[in-house]
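Topology and contacts: notes
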Amino acid sequence: QVQLVESGGGLVQAGGSLRLSCAASGSIFSINAMGWYRQAPGKQRELVAAITSGGSTNYAGSVKGRFTISRDNGKNTVYLQMNSLKSEATAVYYCNAELFTLRSGRGDYWGQGTQVTVSS
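Rules used throughout
- Residues numbered from 1 in each chain as written.
- Predicted model: local features only at pLDDT ≥ 70, side-chain atom pairs only at ≥ 80, totals over all residues.
- Heavy atoms only, no water.
- Helix = DSSP H or I, 4+ residues; strand = E, 2+ residues; numbered from the N terminus.
- Rg over C-alpha atoms; globule rule 2.2 N^0.38 Å.
- Buried < 20%, exposed > 50% of the residue type's maximum accessible area, 1.4 Å probe, protein only.
- Contact = heavy atoms within 4.5 Å.
- Areas by Shrake-Rupley, 256 points an atom, 1.4 Å probe, with all protein chains shown as cover.
- Lys, Arg positive; Asp, Glu negative; His and termini not counted.
- Charge placed at Lys NZ, Arg CZ, Asp CG, Glu CD.
- Salt bridge = Lys/Arg side-chain N within 4 Å of Asp/Glu carboxyl O.
- Core = buried A, V, L, I, M, F, W, Y, C linked by side-chain atoms within 4.5 Å.
- Patch = residues over 30% accessible without salt bridge, like charges linked within 9 Å, V, L, I, M, F, W, Y side chains within 5 Å.
- Pairing = 2+ DSSP bridges.
- 1 Å grid on protein atoms, 1.4 Å probe; cavity = no way out; pocket = protein on both sides within 12 Å on 5 of 7 lines; lining within 4 Å.
- Points joined across faces, edges and corners; volume = space filled by probe spheres on them.
- Nonpolar A, V, L, I, M, F, W, Y, C, P; charged D, E, K, R; others polar.

Concerning the overall build of the protein
Each helix and strand counted, the protein has zero helices and 11 strands in total. Along its sequence from the N terminus, the protein presents helices and strands in the succession β-β-β-β-β-β-β-β-β-β-β. Whereas a compact globule of 120 residues would reach a radius of gyration of roughly 14 Å, the protein reaches 14 Å, a difference of no more than 12%. Its C-alpha atoms give the protein principal-axis dimensions of about 45 × 25 × 20 Å. In the protein, which comprises 120 residues, the proportion classed as buried is 41%. In the protein, once contacts between residues fewer than 6 apart in sequence are set aside, the share between residues at least 24 apart is 55%. Total accessible area computed for the protein in this model is approximately 6400 Å², and 46% of it derives from carbon and sulfur atoms. If you average the places of the 11 positive and of the 6 negative side-chain charges in the protein, the two averages end up 2 Å apart.

Focus on the pattern of salt bridges
Under the definition given, this model contains two salt bridges. Linking Arg38 and Glu46 is a salt bridge whose minimum nitrogen-to-oxygen distance equals 2.8 Å. The exposure class assigned to Arg38 is buried, which follows from its relative accessible area of 8%. According to the relative accessible area criterion, Glu46 is partly exposed, its value standing at 36%.

Observations concerning the nonpolar core
Counting 32 residues, the largest nonpolar core has Trp36, Leu80, Met82 and Tyr93 as the members making the most contacts within it. Beyond its immediate chain neighbours, meaning those up to four positions away, Leu80 contacts Leu18, Arg19, Leu20, Trp36, Val48, Ala49, Phe67, Thr68, Ile69 and Tyr93.

Structural notes on a nonpolar patch on the surface
Together, Phe29, Phe100 and Leu102 line one region of the surface with nonpolar side chains, adding up to about 370 Å² of accessible area. Along the chain, Leu102 turns up in the loop between β9 (91–101) and β10 (105–110).

Brief notes about the pairing of strand β5 (residues 46–51)
Bridge count between strand β4 (residues 30–39) and β5: five bridges; the pairing is antiparallel. What sits directly across from Arg38, in β5, is Glu46. The turn linking β4 back onto β5 is made up of six residues, and Gly42 within it adopts a positive phi angle of 80°. By the bridge criterion, three bridges tie β5 to strand β6 (residues 57–59) in an arrangement that is antiparallel. Across the sheet, residue Ala50 finds its bridge partner in β6, namely Asn58. Hairpin connection from β5 to β6: five residues lie between these consecutive antiparallel strands, with Gly55 at a positive phi of about 100°.

Overview of the layout of surface pockets
The space that makes up the largest pocket amounts to roughly 180 Å³. Around the largest pocket, the lining is made up of 14 residues, and of these Arg38, Lys43, Glu46, Glu88 and Ala89 lie nearest the centre. Here the residues of the lining of the largest pocket are counted per class, giving four nonpolar, four polar and six charged.

Put into structure tokens, the structure is as follows:
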């Protein structure tokens, strides 16, 4: 069974920084893309940033230049460094991974979410 466990959320003032982490564990054969999504109250879940196994990255326009996604393939962990946070970044942040297991093949997995609150 695969688990994605996020950490690092919390309350921060506008202009501050937070670093989110997400570790994947279980019977994982390989991980392709990993990413972060967020969902604010009353809004749809949206992509924040994604990174492939080769290190190619993709960002939402609203976070480019302020957020940085990275990963440690040896630890099956993805990070999101968030700088210059704005109040509109307040949301639940979800980790996502497209990975392969020997039992189930390719699958799309989600973490439980971590709350990020930016006070203005």
